[in-house]
Each structure stands twice: as C-alpha cells, then as structure tokens.
Amino acid sequence: MASKLFFILLCFPALFHTSLSAPKDVNLLESVPDLQKSMYKVVDGFPCVRLLKLSGEIGCSNPGREKVVAPIIRYQNADKLAQLSAIVVPLQEFDSFFQRVSNDLDFAKYVGGVLVESGTDVRNELEGVSMDEKFPQAIFSPYQNISYQWNPMGSGIMWNKYDFPVFLLSDNSTSTLKEAAIKNEGNKKAYTADVAEFDLVMQTTKTATRDSESCLKEETCLPLGGYSVWSALPPINTSSSESSKHIILAVASMDSASFFRDKSVGADSPISGLISLLVAVDALSHVEGLDDLSKQLVFVIFTGEAWGYLGSRRFLLELDQHSDAVNGLNSSLIDTILEVGSVGKGFSQGTKHFFAHTTQVSVSAATNETLNALQLAQNSLRSSSIDISMANASNPGIPPSSLMAFLRKNSQTSGVVFEDFDSAFTNQFFHSHLDDLANINSTSIVAAASLVARTLYILASNKKDLSTTALNTINVNASLVEELMGCLLSCEPGLSCGLVKHYISPTTTCPSHYVGVLEGEPSSTPYPGYISDISRFLWNFLAEKSSTPSSENASSACSKNCSDANHLCIRSETDGKGVCVVSTTRYVPAYSTRLKFESDSWKLLPPNSSDPMGLVDPVWTESNWATIGLQIYTVQHGFYDTMVLVAGLGLTILAYLAIILIKSVINKALKQD
C-alpha cells in the first residue's frame, strides 16, 4: 500500500497535467494500473529479431542490455540528426533508408530505433518490395549461374545486421506514431516530447555470443526448424512383405520468411502452392480404385525451406538413415518429383497461365512423362481456359525450390517445378509482409489444383491412353480453396476457422508461416506442444484425406494411440477422444544436417564432404529473449528539468534569506520595545 501511495505522489505532476488537458478521463484513474495506462501506450508492432549463423549475425536487436528510449521523428525530417531518434519510415522509403544506414555512419549512430509504416494503403503505388536477395539462397543452387535474377525486386536487406530495434507497425499504430512525430515537430520549443521505448534486448547480445556455434554452446539461442509432414495415398502397408510400388512424389512448402519475424505470410510464395496441393489431395481422395494404381502417390510438405532448405535436406538424410520418420519410403523407388510452387498469380485476362520448370542439363524420360502428363491434364481442362507452357530455355535451370536439394543430392533426379512465372518472379512482394491475401487470386489456385490433381493421377496410373472422361471425374472443391485461404492467410477467421478447429485446438488465431525454432529432442512422434499449429493441422488433414476406415471401428475413439501400427489417431485435440484411421502420415523433423541433439543440448557437427549442401549451410539459429515490447509516452526535456531544479534551489535560497531578514527585523523590533 505504501509503495502504491509513493508511486501516486511521484506521478502527481502527470496526474495534475492530465486533469488540465483531459478532464473527462479523471474519473477513470481509479488505480495505479489506470494511471500507468494513461501515461504509457503499448504499440502494436512486429519486430525484426536477431538471427545467427556460423559466420555472424543478421537481423535486429537493441545495442546493449537496456531498453532504448528516443524521441519520435519522421524520416522526411531526419536529414541531420543531433540526438538519438526513433524514426518513422514510410514503406516507400524502406530500401533507401537502410541503404543510407549502411553508407552514412554519422547518420546511423543517431538511429535509436526504426518504426516502419504498414504500407497496406500504398501497396498499389509500389513497384514492389522484397527484402530477400535477387537470387534467393543462391549458395544451394545446383547450377553455376548464381548471378541470375529470379527476384528482380530483391534488396537483400533482411540478410544484414542492425544494432538498433526495428518494428513494423500495424495500420492503427502507423497513425498513432505519425501523429506523435508531427506533434514533436510542432512542439520544438515545448518542454515535452513523445518518445518510443524499445524493448528488444536479445540474449545473444547480452552474452556476446555472436555466432551459431557459440550461442548453441552457451544455450542462448535455438536452431531454426520445425516439423515437415508426409502422407501416402492410398496408405502404405508397412508390415507387408509385398514389393513396394514406385513413387510419384508431390512436394510443397509451408514456411515463408520476412524481415519481420511474425509477419511472414507468404501468400503467393509458397502458401498458394500448399493450398493447391491440399485441394488436389482432397480431390484425389474421392477417386475410386486408388489401390489399383501402378504407382504410389506420396505428398510431402516441407518446413524450413526459406532458411537453407532445412526440411528437404533433413528428409533426404532421414531417407538415407532409414529412420522411423520415413518408415515405408525408399528413396530408390522415387520415379519423379512434382513440386507445386507459387501459383496464386497465374490468372490474367481470363486465362490461367502456368509454367513447368525443369533442369536445363538433361531432361530424363521420367521428366518427359511428367511434362506429357501436365499436357494431358491441360487438354482435359481445355474448357476452363487453363494453359501451361515450358519455362524459357534461356533460364539457367529450375528456380529456387525444394527440388534443388534433391538435385544437389543426386543430379540425375527427375522433377518438374510448377510455377506461375517464367523467367522471373511475378510476385513483386516475395518474402515481404505484403505477400498477403490481397496478393493472390483464388481462381488461379483452383486452376493449379485441378492441373496438379489430374497430372498426379495420370502419372500414378502409368497409362498413356487415359480418356478425358476418366479425368473429368477428378474435380477440385473451389470452396475448399477459399476456406483454406481464410484459415491460413488471414486473422479473420484465421486458425479459429471451422476447418482448422475440426482437427486441432490452435494456440493462436493469426497464422504465421515463419519456421520458428526447434524445441526439445527431434522425433517422428514429437510432443504436440513442440509442433506448430500449421504442422499439426496439416498432419491431421492429410491423415484423414489419405486414410481408409479402420478395421477396429470407423467411429471408435482413441485416447492417444490406436492398436495397429498402420493406424493413426486423428482429431484427438478437439474433444480429447479422436478417431482411429488407417493412414501412412508422418512427422519429419526439419533442422540443419550440421546439428545433432544429445545430452539435452545441440552440438555442431563437422562438415561432411558427402553432404555438399551441408558444406555451405549457414546453420541458422534464433536468439533467445525475455520480452519484446514497444510503447510510447511523453517525457520532459532534460533542460526543463534542470531549469525546474535551478528555480527550486533559487526559491529555497530566497526563502532562507527572507527568513533570516524577517527574523532580524523581528529581533530589532523586540529590542526597541
């Protein structure tokens, strides 16, 4: 009680100021928390955080152990900085601002923090915004021409290190911070200023562990990673001694990247491809006679692909090791790979146009079969105005994709990457927070899903004379596309949508496709709390769509496990019961092939010449932190505080002299009497 009273007395000037400026709010200040809320405004924002690699750091952090407090100004008025400042930067000036920071050290030393406007209101005025490189992840390319520009808008900013905090503001916060900056500019002679307080203190900064090897050793960081998901349609009988079928592998990715950690939406790249593949799986699950197909359909959705192809590289290693995570799969039986990439921007002038990318070294017979299957699928959809073309022969090879990992492992791998672009990304917001729902078209995704579903069926049937009538029985659910877009790419309804909640109990509403960090020991049966909402949803969705009814009882409940090794318990999160189904669906850990978890900690393995991608692997990690926050409030200038102190001392001295003078006068008067 005494401490609260002291706090109120300490803040009395602020309370008095509030009573003068906002009389309507006086009655609302009934407690210390109310007073604090009236003084401090928490700002909605998305931070750029500190990431580490073997050779150093990237991303953002407070420069030391303390919070950063600085007056708010607009970038347009920041030509010459004389003090540490929190700078509000329009998205249009984002690239030029960070270029200036890199080139002008006198300017950079006064940057206390950066507040980036959301930019959603000016997206149509922008030529494009991409913080990634012009050839994303070029070091993993299976070909030599790594100067090629797949991403012409790329600035590479997200791969640099900044020793100041950076936040992307929400739409509402953008207005608030701009008003604060304008207020400061209009009150240059006033004794108060609105300041921003940045709490972005990274554990690796505090302990001076400046690279992945040292921070993993000191346990101040965790490796980037998560859990990929694969599923077979129809299920594979892993206990059978019958010879396995050859495999058609369909691939997509679930993770994206951005300068701002929790704003990695990735609508076109790569989530449009993920949605397309999910809808194709749904369409194929309704086709009769799947057991009679000549080849086995296997679907893999990787995570960690935006950070060194963590998912695909680990998947290949697990195949080599014949681990439980890939039980039922044999890498030697993979005939061809069809990867579904960015397909959300293929709609133009009434036509849905896509491109098939292949390696330029040599096109195998299996790859030709995939191209022929795509053509046959297109012919069966002629009335839908869908067109697919071979990518330009002048391209150096396939675009950045998971197929690169397979080709680096085995250059003879057959595969096709299915995209909505030819020689360069049509996505002008690649790896930017503006690659959101407004950046894609559902019609394009529906068309891609139709092509993918029919192509996979043609490949698995291994028949060259399939009739259009037979293919016309494979139809995708357009409403499922819309539903998945709302669930995976928007906060409304987001992961609280009916489809997601049918399978899992999500921990958050707004979806983020940042890969995150890998907690605990990697496993094919991980603790659910260590698996992201997206991965858990995909596991349950694919397990159900690729399943056959359980012989136990199609409606039987399962508390956690089913009795048979080929059975899975799905939807157990929603009601605590779940249902047993026959399905071959697995989690596969996704993390660097240079790391090993032992004795409850991560160890860095030495380079291995048999792992060419491991030789150039940065081994990405993310710094730990205690809290991250951003708030604004009003402070008095130090000069004013000094003047108040001097004036107070002056009054005290004058009062003392007055007392002495009065006392002397009184004493004289008493003596005369």
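Residues numbered from 1 in each chain as written. Predicted model: local features only at pLDDT ≥ 70, side-chain atom pairs only at ≥ 80, totals over all residues. Heavy atoms only, no water.

> Quick rundown of the overall build of the protein chain? Include the residues and the values.
Along its length, the protein chain carries 20 helices and 27 strands. Dimensions of the protein chain, computed from C-alpha atoms along their principal axes, come out at roughly 130 × 55 × 50 Å. Expressed as a percentage of the 673 residues in the protein chain, the buried residues total 52%. In the protein chain, the share of contacts with a sequence separation of at least 24, taken over all contacts with a separation of at least 6, comes to 79%. Taken as a whole, the protein chain presents about 30400 Å² of accessible surface, with 51% of it coming from carbon and sulfur. Side-chain charges of the protein chain comprise 49 positive and 68 negative groups, with the mean position of each set lying 6 Å from the other. (Helix = DSSP H or I, 4+ residues; strand = E, 2+ residues; numbered from the N terminus. Buried < 20%, exposed > 50% of the residue type's maximum accessible area, 1.4 Å probe, protein only. Contact = heavy atoms within 4.5 Å. Areas by Shrake-Rupley, 256 points an atom, 1.4 Å probe, with all protein chains shown as cover. Lys, Arg positive; Asp, Glu negative; His and termini not counted. Charge placed at Lys NZ, Arg CZ, Asp CG, Glu CD.)

> Any details on the state of the cysteines? Residues and values, ideally.
Summed over the entire model, instances satisfying the criterion amount to 6 disulfides. For Cys487, the disulfide goes to Cys497, at an S-S distance of 2.0 Å. Measuring the twist about the S-S bond at about 115°, one finds the Cys487-Cys497 disulfide to be right-handed. Of this pair, Cys487 sits in helix α15 (residues 478-489) while Cys497 sits in the loop between α15 and α16 (498-503), and the two are 10 residues apart along the sequence. With a relative accessible area of 0%, Cys487 lands in the buried category. (Disulfide = S-S within 2.5 Å.)

> Tell me about the pattern of salt bridges, and name the residues and values.
Evaluation of the coordinates by the stated rule reveals 21 salt bridges. Note that Glu57 is salt-bridged to Arg210, the shortest N-O span being 3.6 Å. Here the residue Glu57 occupies a position in strand β4 (residues 56-60), and Arg210 occupies one in the loop between α7 (203-207) and α8 (212-218), the gap between them amounting to 153 residues. On the basis of relative accessible area, Glu57 is assigned to the buried category, the value being 9%. Classification of Arg210 by relative accessible area gives partly exposed; the value is 34%. Within this structure, Arg50, Glu57, Lys161, Asp163 and Arg210 form a network of salt bridges that share partners. (Salt bridge = Lys/Arg side-chain N within 4 Å of Asp/Glu carboxyl O.)

> Kindly report on the confidence of the model for the protein chain, identifying the contributing residues and their values.
Put simply, the protein chain has an average pLDDT of 89, and 90% of its residues get 70 or more. A low-confidence stretch, residues 1-26 stays under pLDDT 50, and its non-local contacts, those more than four residues away or across chains, total 13 contacts. (pLDDT = per-residue confidence, 0-100.)

> So what's going on with the sheet that holds strand β21 (residues 567-570)? Residues and values would help.
Taken in spatial order, the 3 strands make up an open sheet running β20-β22-β21, and their pairing is antiparallel. The sheet is open, and its two borders are formed by β20 (548-549) and β21, each paired with just one other strand. Summarising the sheet, β21 and strand β22 (residues 579-582) pair through 4 bridges and their orientation is antiparallel. Within β22, the position partnered with His567 by the bridge is Val582. Set on the sheet, helix α17 (residues 533-545) makes contact with β21 and β22; between it and β21 the angle comes to about 130°. (Pairing = 2+ DSSP bridges. Axes fitted to C-alpha atoms, helices over the stretch in contact; angles between N-to-C directions.)

> Run through the packing of aromatic side chains, naming residues and quoting values.
Using the criterion set out here, one finds 36 aromatic pairs in the structure. Centroid distance Phe97 to Phe98: 5.1 Å. Interplanar angle 90°. Geometry classified as edge-to-face. We note that Phe97, like Phe98, is buried. Pairing Tyr162 with Phe164 gives two aromatic rings, centres 5.8 Å apart and planes at 40°, and the pair type is tilted. Residue classification places Tyr162 among the buried positions, given a relative accessible area of 3%. Among the aromatic residues, those joined into a cluster by ring pairs are Tyr75, Phe94, Phe97, Phe98, Phe107, Tyr162, Phe164, Phe259 and Phe260. Sitting over the face of the ring of Phe107, Arg100 holds its NZ or CZ atom 3.8 Å from the ring centroid. (Phe/Tyr/Trp six-rings, centres within 6.5 Å; stacked < 30°, edge-to-face > 60°. Lys NZ or Arg CZ within 6 Å of the ring centre and 35° of its normal.)

> Outline the side chain of Asp132, supporting the account with residue identities and numerical values.
Looking at where Asp132 falls in the secondary structure, it is placed in the loop between β7 (111-116) and β8 (161-162). The charged side chain of Asp132 is buried without a salt bridge, its nearest counter-charge being Lys134 at 11 Å. Here the side chain of Asp132 touches Trp159 through a polar contact of 2.7 Å, side chain to side chain. Ignoring anything within four residues of it in the chain, the contact list for Asp132 reads Asn151, Gly154, Ser155, Gly156, Met158, Trp159, Phe430 and His431. (Polar contact = N/O pair within 3.5 Å; in protein donor to acceptor, adjacent residues only side chain to side chain.)

> Give a description of the packing of helix α9 (residues 267-285) against helix α13 (residues 442-461) that names residues and reports values.
At a minimum axis distance of 8 Å, the contact between α9 and α13 shows a crossing angle of 50°. Judged by the inter-axis angle, α9 sits oblique to α13. Seen from above, α9 lies across α13 with right-handed handedness. Packed against α9, whose contacting residues are Ser272, Ile275, Ser276, Leu277, Val279, Ala280, Ala283 and Leu284, the element α13 presents Ile445, Ala448, Ala449, Val452, Ala453, Leu456 and Tyr457 at the interface. Of the residues contributing to the contact of α9 with α13, the split by class is 13 nonpolar, 2 polar and no charged. (Parallel < 35°, antiparallel > 145°, perpendicular 65-115°, else oblique. Left-handed = near helix turned anticlockwise from the far one by under 90°. Nonpolar A, V, L, I, M, F, W, Y, C, P; charged D, E, K, R; others polar.)

> Any chance you could break down the side chain of Ser623 for me, citing the residues and the numbers?
Among the structural elements, Ser623 can be located in strand β26 (residues 621-623). Residue classification places Ser623 among the buried residues on the basis of a relative accessible area of 1%. Of the polar contacts made by the side chain of Ser623, one reaches the backbone nitrogen of Gln203; its length is 3.3 Å. A distance of 3.1 Å separates the side chain of Ser623 from the side chain of Thr204, its partner in a polar contact. Setting aside chain neighbours within four positions, we find Ser623 in contact with Arg50, Leu52, Met202, Gln203, Thr204, Thr220 and Cys221.

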